[in-house]
Amino acid sequence: MELLLEGMYRYYGFDFRYYSFPFIQRRIWYRIRAEKLKSISGLQEKVFHDPDLMKRFYADFSINVTEMFRDPSFFLSFRNKVIPKLREYPFIRIWHAGCSVGQEVYSMAILLHEEGIYDKTKIYATDMNGTLLEEAKSGVFPLERMQMYTKNYLEAGGTRAFSEYYTVKQDKVIFHPFLRENVVFAQHNLATDHSFNEFHIIICRNVMIYFNKSLQNHVHQLFYESLSLSGFIGLGNREGIRYTRYADHYEEFDSAERMYRKIK
(Lines give C-alpha, C1' and ligand atoms only; values in the text may rest on other atoms or scores of the structure.)
Protein backbone atom coordinates (compact mmCIF):
# COMPACT_ATOMS: atom_id res chain seq x y z
CA MET A 1 0.00 0.00 0.00
CA GLU A 2 2.76 2.45 0.89
CA LEU A 3 4.55 1.70 -2.37
CA LEU A 4 1.36 2.28 -4.38
CA LEU A 5 0.61 5.60 -2.65
CA GLU A 6 4.20 6.80 -2.99
CA GLY A 7 4.16 5.91 -6.68
CA MET A 8 0.88 7.78 -7.23
CA TYR A 9 2.37 10.84 -5.58
CA ARG A 10 5.58 10.76 -7.63
CA TYR A 11 3.95 9.87 -10.95
CA TYR A 12 0.67 11.81 -10.82
CA GLY A 13 1.17 14.26 -7.94
CA PHE A 14 -1.84 12.83 -6.06
CA ASP A 15 -0.92 12.69 -2.40
CA PHE A 16 -2.92 10.21 -0.31
CA ARG A 17 0.05 9.06 1.76
CA TYR A 18 -1.29 10.61 4.95
CA TYR A 19 -4.90 9.53 4.79
CA SER A 20 -6.04 7.17 7.55
CA PHE A 21 -5.02 3.55 7.02
CA PRO A 22 -8.53 2.00 7.29
CA PHE A 23 -9.96 4.48 4.77
CA ILE A 24 -7.13 3.93 2.30
CA GLN A 25 -7.36 0.16 2.70
CA ARG A 26 -11.11 0.15 1.97
CA ARG A 27 -10.72 2.33 -1.11
CA ILE A 28 -7.86 0.28 -2.54
CA TRP A 29 -9.64 -3.04 -2.14
CA TYR A 30 -12.86 -1.59 -3.53
CA ARG A 31 -11.00 -0.62 -6.72
CA ILE A 32 -9.19 -3.98 -6.89
CA ARG A 33 -12.53 -5.80 -6.86
CA ALA A 34 -14.16 -3.35 -9.28
CA GLU A 35 -11.36 -3.88 -11.81
CA LYS A 36 -11.45 -7.67 -11.26
CA LEU A 37 -7.86 -7.73 -10.10
CA LYS A 38 -6.36 -9.97 -7.42
CA SER A 39 -3.78 -7.92 -5.55
CA ILE A 40 -2.46 -4.45 -4.70
CA SER A 41 0.51 -5.16 -6.96
CA GLY A 42 -1.88 -5.84 -9.82
CA LEU A 43 -3.62 -2.54 -9.20
CA GLN A 44 -0.29 -0.74 -9.04
CA GLU A 45 0.73 -2.02 -12.44
CA LYS A 46 -2.58 -0.94 -14.01
CA VAL A 47 -2.55 2.48 -12.33
CA PHE A 48 0.72 3.48 -13.98
CA HIS A 49 -0.26 2.26 -17.45
CA ASP A 50 -3.97 3.10 -17.66
CA PRO A 51 -4.86 6.79 -17.11
CA ASP A 52 -8.59 6.02 -17.24
CA LEU A 53 -8.23 3.58 -14.35
CA MET A 54 -6.29 6.23 -12.46
CA LYS A 55 -9.24 8.61 -12.89
CA ARG A 56 -11.60 6.02 -11.44
CA PHE A 57 -9.20 5.28 -8.59
CA TYR A 58 -8.76 8.99 -7.84
CA ALA A 59 -12.53 9.40 -7.64
CA ASP A 60 -12.65 6.61 -5.04
CA PHE A 61 -10.80 8.86 -2.60
CA SER A 62 -13.34 11.66 -2.86
CA ILE A 63 -15.51 11.99 0.22
CA ASN A 64 -18.97 12.34 -1.25
CA VAL A 65 -21.18 12.27 1.84
CA THR A 66 -23.36 15.36 2.06
CA GLU A 67 -26.92 16.65 2.13
CA MET A 68 -28.82 19.91 2.36
CA PHE A 69 -28.59 21.37 5.89
CA ARG A 70 -26.69 18.31 7.04
CA ASP A 71 -26.82 18.13 10.85
CA PRO A 72 -29.51 20.85 11.11
CA SER A 73 -28.45 21.76 14.64
CA PHE A 74 -25.14 23.03 13.25
CA PHE A 75 -26.90 25.39 10.85
CA LEU A 76 -29.34 26.47 13.57
CA SER A 77 -26.43 27.32 15.84
CA PHE A 78 -24.73 29.20 13.01
CA ARG A 79 -27.93 31.14 12.37
CA ASN A 80 -28.53 32.05 16.01
CA LYS A 81 -24.99 32.56 17.30
CA VAL A 82 -22.63 33.40 14.43
CA ILE A 83 -24.88 35.49 12.17
CA PRO A 84 -25.32 38.25 14.80
CA LYS A 85 -21.51 38.64 14.87
CA LEU A 86 -21.29 38.76 11.07
CA ARG A 87 -23.81 41.58 10.75
CA GLU A 88 -21.10 43.97 11.93
CA TYR A 89 -18.77 43.05 9.04
CA PRO A 90 -18.76 45.18 5.85
CA PHE A 91 -17.80 42.12 3.80
CA ILE A 92 -17.69 38.39 4.62
CA ARG A 93 -15.51 35.64 3.14
CA ILE A 94 -16.42 32.01 3.80
CA TRP A 95 -14.41 28.93 2.82
CA HIS A 96 -16.25 25.61 2.48
CA ALA A 97 -13.37 23.12 2.26
CA GLY A 98 -14.17 19.64 0.91
CA CYS A 99 -17.55 20.77 -0.40
CA SER A 100 -18.27 17.65 -2.50
CA VAL A 101 -21.34 18.30 -4.73
CA GLY A 102 -22.10 21.52 -2.87
CA GLN A 103 -25.32 20.81 -1.03
CA GLU A 104 -24.06 22.37 2.21
CA VAL A 105 -22.80 25.36 0.22
CA TYR A 106 -26.29 25.97 -1.19
CA SER A 107 -27.64 25.50 2.33
CA MET A 108 -25.35 28.24 3.61
CA ALA A 109 -26.31 30.54 0.73
CA ILE A 110 -30.00 30.07 1.60
CA LEU A 111 -29.34 30.77 5.29
CA LEU A 112 -27.34 33.91 4.53
CA HIS A 113 -30.04 35.09 2.11
CA GLU A 114 -32.74 34.68 4.75
CA GLU A 115 -30.62 36.58 7.26
CA GLY A 116 -30.10 39.44 4.80
CA ILE A 117 -26.30 39.24 4.50
CA TYR A 118 -25.80 37.08 1.39
CA ASP A 119 -25.19 40.13 -0.82
CA LYS A 120 -22.08 41.08 1.15
CA THR A 121 -20.71 37.53 1.29
CA LYS A 122 -18.36 35.61 -0.99
CA ILE A 123 -18.32 31.83 -0.52
CA TYR A 124 -15.31 29.87 -1.77
CA ALA A 125 -16.35 26.23 -2.23
CA THR A 126 -13.43 23.88 -2.83
CA ASP A 127 -12.88 20.18 -3.37
CA MET A 128 -10.06 18.11 -4.83
CA ASN A 129 -12.44 16.38 -7.26
CA GLY A 130 -13.25 18.44 -10.36
CA THR A 131 -16.12 16.17 -11.39
CA LEU A 132 -17.93 16.79 -8.10
CA LEU A 133 -17.35 20.52 -8.46
CA GLU A 134 -19.00 20.52 -11.90
CA GLU A 135 -22.03 18.84 -10.34
CA ALA A 136 -21.99 21.44 -7.57
CA LYS A 137 -21.92 24.28 -10.11
CA SER A 138 -25.03 22.91 -11.82
CA GLY A 139 -27.17 23.15 -8.69
CA VAL A 140 -29.12 20.09 -9.82
CA PHE A 141 -30.02 17.47 -7.21
CA PRO A 142 -32.38 14.45 -6.94
CA LEU A 143 -36.04 15.25 -6.33
CA GLU A 144 -36.45 12.11 -4.22
CA ARG A 145 -34.39 13.61 -1.40
CA MET A 146 -36.24 16.91 -1.13
CA GLN A 147 -38.62 15.67 1.55
CA MET A 148 -35.70 14.90 3.85
CA TYR A 149 -33.94 18.13 2.88
CA THR A 150 -37.08 20.13 3.65
CA LYS A 151 -37.18 18.56 7.11
CA ASN A 152 -33.51 19.48 7.63
CA TYR A 153 -34.18 23.03 6.44
CA LEU A 154 -37.02 23.56 8.90
CA GLU A 155 -35.01 22.09 11.78
CA ALA A 156 -32.18 24.46 10.85
CA GLY A 157 -34.49 27.44 11.43
CA GLY A 158 -35.71 27.92 7.87
CA THR A 159 -38.31 30.67 7.65
CA ARG A 160 -39.91 30.05 4.25
CA ALA A 161 -41.22 27.25 2.08
CA PHE A 162 -38.09 25.36 1.01
CA SER A 163 -39.60 24.84 -2.44
CA GLU A 164 -39.21 28.60 -3.09
CA TYR A 165 -35.52 27.99 -3.72
CA TYR A 166 -35.77 25.51 -6.59
CA THR A 167 -37.78 24.42 -9.59
CA VAL A 168 -38.68 20.82 -10.40
CA LYS A 169 -37.85 19.24 -13.73
CA GLN A 170 -38.81 15.58 -14.05
CA ASP A 171 -36.94 13.72 -11.28
CA LYS A 172 -34.53 16.59 -10.55
CA VAL A 173 -34.62 19.92 -8.79
CA ILE A 174 -32.70 22.95 -10.00
CA PHE A 175 -31.74 25.52 -7.37
CA HIS A 176 -32.21 29.13 -8.39
CA PRO A 177 -29.14 30.78 -9.98
CA PHE A 178 -28.98 33.62 -7.43
CA LEU A 179 -27.74 31.08 -4.87
CA ARG A 180 -24.57 30.68 -7.00
CA GLU A 181 -23.97 34.34 -7.77
CA ASN A 182 -21.69 34.85 -4.76
CA VAL A 183 -20.07 31.41 -4.83
CA VAL A 184 -16.68 30.56 -6.35
CA PHE A 185 -16.18 26.84 -7.01
CA ALA A 186 -12.52 25.82 -7.32
CA GLN A 187 -10.28 22.77 -7.05
CA HIS A 188 -8.14 22.69 -3.93
CA ASN A 189 -6.40 19.74 -2.29
CA LEU A 190 -6.03 20.10 1.47
CA ALA A 191 -3.09 17.69 1.45
CA THR A 192 -0.95 19.57 -1.06
CA ASP A 193 -2.29 23.08 -1.74
CA HIS A 194 -1.66 26.28 0.21
CA SER A 195 -3.74 29.06 1.69
CA PHE A 196 -5.26 31.32 -0.95
CA ASN A 197 -7.09 34.01 1.04
CA GLU A 198 -8.03 35.23 4.51
CA PHE A 199 -11.47 34.13 5.67
CA HIS A 200 -13.93 35.12 8.36
CA ILE A 201 -15.50 31.64 8.34
CA ILE A 202 -14.02 28.23 7.49
CA ILE A 203 -16.27 25.19 7.34
CA CYS A 204 -14.73 21.75 6.92
CA ARG A 205 -17.03 19.13 8.38
CA ASN A 206 -16.37 15.39 8.44
CA VAL A 207 -13.38 15.55 6.11
CA MET A 208 -10.42 15.29 8.47
CA ILE A 209 -11.73 12.05 9.99
CA TYR A 210 -10.29 10.41 6.86
CA PHE A 211 -6.80 11.83 7.49
CA ASN A 212 -4.08 10.50 9.76
CA LYS A 213 -2.75 12.65 12.61
CA SER A 214 0.08 14.13 10.56
CA LEU A 215 -2.23 15.33 7.79
CA GLN A 216 -4.78 16.59 10.31
CA ASN A 217 -2.08 18.76 11.87
CA HIS A 218 -1.09 20.03 8.43
CA VAL A 219 -4.68 20.99 7.63
CA HIS A 220 -5.18 22.67 11.00
CA GLN A 221 -2.11 24.80 10.27
CA LEU A 222 -3.53 25.67 6.85
CA PHE A 223 -6.85 26.69 8.40
CA TYR A 224 -5.20 28.67 11.19
CA GLU A 225 -3.15 30.62 8.65
CA SER A 226 -6.25 31.22 6.52
CA LEU A 227 -8.59 32.38 9.29
CA SER A 228 -8.77 36.00 10.38
CA LEU A 229 -8.52 36.95 14.03
CA SER A 230 -11.95 36.48 15.69
CA GLY A 231 -12.95 34.30 12.74
CA PHE A 232 -14.97 31.12 13.15
CA ILE A 233 -14.22 27.53 12.15
CA GLY A 234 -16.84 24.78 12.04
CA LEU A 235 -15.78 21.12 12.14
CA GLY A 236 -17.60 17.78 12.05
CA ASN A 237 -19.12 16.16 15.11
CA ARG A 238 -16.19 13.72 15.38
CA GLU A 239 -13.54 16.38 14.90
CA GLY A 240 -12.07 19.03 17.15
CA ILE A 241 -9.17 21.34 17.96
CA ARG A 242 -8.52 20.35 21.58
CA TYR A 243 -5.68 17.91 20.85
CA THR A 244 -3.96 19.93 18.13
CA ARG A 245 -1.04 22.33 18.47
CA TYR A 246 -3.48 25.21 17.95
CA ALA A 247 -5.80 24.35 20.85
CA ASP A 248 -4.91 27.49 22.82
CA HIS A 249 -5.41 29.70 19.77
CA TYR A 250 -9.18 29.15 19.77
CA GLU A 251 -12.08 29.38 22.16
CA GLU A 252 -15.01 26.98 22.06
CA PHE A 253 -17.86 29.03 20.65
CA ASP A 254 -20.35 26.15 20.56
CA SER A 255 -18.76 22.95 21.84
CA ALA A 256 -21.77 20.76 20.96
CA GLU A 257 -21.56 21.82 17.29
CA ARG A 258 -17.73 21.85 17.12
CA MET A 259 -17.63 25.55 16.39
CA TYR A 260 -14.57 27.54 17.45
CA ARG A 261 -13.41 31.16 17.35
CA LYS A 262 -9.82 32.23 16.73
CA ILE A 263 -8.55 34.35 19.62
CA LYS A 264 -4.83 34.70 18.84
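Residues numbered from 1 in each chain as written. Predicted model: local features only at pLDDT ≥ 70, side-chain atom pairs only at ≥ 80, totals over all residues. Heavy atoms only, no water.

On to the packing of helix α2 (residues 21–34) against helix α4 (residues 51–60). Geometrically, a packed helix pair is captured by the angle between its two axes and the distance between the axes. Look at α2 against α4: their axes get within 9 Å of each other, and the N-to-C directions meet at 145°. Viewed along their axes, α2 and α4 form a crossing whose handedness is right-handed. Facing R27, I28, Y30 and R31 of α2, the residues of α4 in contact are R56, F57 and D60. Each residue belonging to the contact of α2 with α4 can be placed in one class, and the counts come to 3 nonpolar, no polar and 4 charged. (Axes fitted to C-alpha atoms, helices over the stretch in contact; angles between N-to-C directions. Helix = DSSP H or I, 4+ residues; strand = E, 2+ residues; numbered from the N terminus. Left-handed = near helix turned anticlockwise from the far one by under 90°. Contact = heavy atoms within 4.5 Å. Nonpolar A, V, L, I, M, F, W, Y, C, P; charged D, E, K, R; others polar.)

α4 packs onto helix α1 (residues 2–12) with a crossing angle of 115° between their chain directions and a minimal axis gap of 13 Å. Regarding α1 and α4, the two cross each other, and that crossing is left-handed. On the side of α1, the interface is formed by L4, M8 and Y12, while α4 contributes P51, M54 and F57. The residue makeup of the contact of α1 with α4, split by class, is 6 nonpolar, no polar and no charged.

This part takes up empty space enclosed by the protein. Scanning the model with the defined rule gives 1 cavity of 30 Å³ or more in all. Along the walls of the largest cavity sit 27 residues, with A97, G98, C99, D127 and V207 positioned nearest its centre. Of all the elements in the fold, those that place two or more residues in the lining of the largest cavity are β1 (92–97), α6 (103–114), β2 (121–127) and β7 (199–204). (1 Å grid on protein atoms, 1.4 Å probe; cavity = no way out; pocket = protein on both sides within 12 Å on 5 of 7 lines; lining within 4 Å. Points joined across faces, edges and corners; volume = space filled by probe spheres on them.)

Glancing now at helix α9 (residues 213–226). Over its 14 residues, α9 extends 20 Å from the first C-alpha to the last, a length consistent with the 20 Å expected when each residue adds 1.5 Å. When α9 is considered as a whole, its buried residues turn out to be L215, N217, V219, H220, L222, F223, Y224 and S226. Residues of α9 that are buried make contact with β1, β7, β8 (227–235), β9 (250–254) and β10 (259–262). (Expected span 1.5 Å × (residues − 1). Buried < 20%, exposed > 50% of the residue type's maximum accessible area, 1.4 Å probe, protein only.)

This next bit is on the layout of surface pockets. Think of a ball as big as a water molecule: rolled over the atoms, this probe shows where empty space is left. By volume, the largest pocket amounts to about 280 Å³. The wall of the largest pocket is formed by 16 residues, among which R238, E239, G240, I241 and Y243 lie closest to the centre. No other element matches the 3 residues that α9 contributes to the lining of the largest pocket. The computed volume of the second largest pocket comes to approximately 170 Å³. In this structure, the second largest pocket is lined by Y12, F14, P51, M54, K55, Y58, A59, M128, N129, G130, T131 and Q187. Listing elements by their share of the lining of the second largest pocket, those giving two or more residues are α4 and α7 (130–138). Looking at the lining of the second largest pocket, the element that brings in the most residues is α4, giving 5 residues. Taken together, the residues of the lining of the second largest pocket break down into 7 nonpolar, 4 polar and 1 charged.

On to unusual backbone geometry. For F69, which is not glycine, the phi dihedral falls at a positive 50°. If you trace the backbone, F69 turns up in the loop between α4 and α5 (72–86). In this structure F69 comes out as buried when scored by relative accessible area, which is 0%. Although it is not a glycine, N206 adopts a positive phi angle of roughly 60°. With respect to the element layout, N206 can be found in the loop between β7 and α9. Taking relative accessible area as the criterion, N206 reaches 8% and is therefore assigned buried.

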